[in-house]
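Structural description and commentary
One letter stands for each residue in the lines below.
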Amino acid sequence: MIYKIRIILDAEEDIFRDIEIEDNNTLEEFHNAITQAFGFEGGEMASFYTCDEEWNQDEEIALFDMSENGSDVRLMNETALDDVMTEKTPKMIYVYDFFSMWTFFVELADIVDKEDGRIYPNVLFSFGELPDSPPEKKFESDPDASVDFDNLLDSYDDMDFDENWN
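Residues numbered from 1 in each chain as written. Predicted model: local features only at pLDDT ≥ 70, side-chain atom pairs only at ≥ 80, totals over all residues. Heavy atoms only, no water.

**Some thoughts on the overall build of the chain**
Defined as follows: In this text, helices come from DSSP runs of H or I with a minimum length of four residues, and strands from runs of E with a minimum of two, each type numbered from the N-terminal end. Only protein chains enter the accessibility calculation, which uses a 1.4 Å probe; a residue whose area is less than 20% of its type maximum is buried, one above 50% is exposed, and one in between is partly exposed. Here a residue-residue contact requires only that any non-hydrogen atoms of the pair lie within 4.5 Å. Residue exposure ignores everything except the shown protein chains as possible cover, and the areas themselves are Shrake-Rupley values with a 1.4 Å probe.
The helix and strand inventory of the chain stands at 2 helices and 8 strands. Secondary structure elements of the chain, listed N to C terminal, follow the sequence β-β-α-β-β-β-α-β-β-β. Relative to its full complement of 166 residues, the chain shows a buried share of 34%. Nonlocal contacts in the chain, meaning residues at least 24 apart in sequence, comprise 61% of its contacts between residues at least 6 apart. Total accessible area on the chain is roughly 11,400 Å²; 44% of this is exposed by carbon and sulfur atoms.

Structure (structure tokens):
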């Protein structure tokens, strides 16, 4: 089957690409299609994140395992697109270049039959120009969640540190 997917830059302006790709392609192949569709060189670190309907980030699926001695991080080249994106879970977040934080919303739009003679992945539609630098991110706290930092620790005397703790 063929997934028709819209990839939207997290920006005020509308900037997106519609890509069709085989459902059994790996996330690494999808990552390569996205970088080419948006004109990135493709040499930076990237990750996909599963998410819920409200775009709340969940599991990371990384391009490379950056840990020193291996970890349980899922990798793009070992994960098929249809393992993480289905009609029931149609959304993901994609971050390219962790220094610049190009952030995209990825959403499954349709699932169709494969057309004979068509080469996949394929950019169906391109809208908007990618800016020279990524949009600014605003990292704000929830104004309803208040913590009284002045009275958080009334006294260090209440802590049970052993005299010879080191």
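**Some points on the pairing of strand 4 (residues 57-62)**
We apply this condition: Any two strands with at least two DSSP-identified bridges between them are counted as paired.
Of the pairings in the sheet, the one linking strand 3 (residues 46-51) to strand 4 comprises 4 bridges and is antiparallel in character. By the bridge assignment for strand 4, F48 is matched with I61. Where strand 3 hands over to strand 4, the hairpin turn is made up of 5 residues, of which W55 adopts a positive phi near 70 degrees. Bridging between strand 4 and strand 5 (residues 74-75) involves 2 bridges; their strand directions are parallel. The residue of strand 5 that forms the bridge with A62 is L75.

**With respect to the packing of aromatic side chains**
Centre distance and the angle of the planes are the two values used to describe a pair of aromatic rings. Stated formally: Pairs were defined over the aromatic rings of Phe, Tyr and Trp, the Trp ring being its six-membered one, requiring ring centres within 6.5 Å. Orientation was assigned from the angle between planes: stacked under 30 degrees, edge-to-face over 60, tilted for the rest.
Under the defined criterion, the tally for this structure stands at 11 aromatic pairs. Consider the rings of F38 and F104, whose centres lie 4.7 Å apart with planes at 50 degrees: the pair is tilted. Residue F38 is found in helix 1 (residues 27-38), and its partner F104 is found in strand 7 (residues 102-112); the two are separated by 66 residues along the sequence. Neither F38 nor F104 differs from the other in exposure class; each is buried. Between the aromatic rings of F125 and F127, the centroid separation amounts to 6.5 Å while the plane-to-plane angle is 20 degrees, which identifies the pairing as stacked. For F127, a relative accessible area of 39% gives the class partly exposed.

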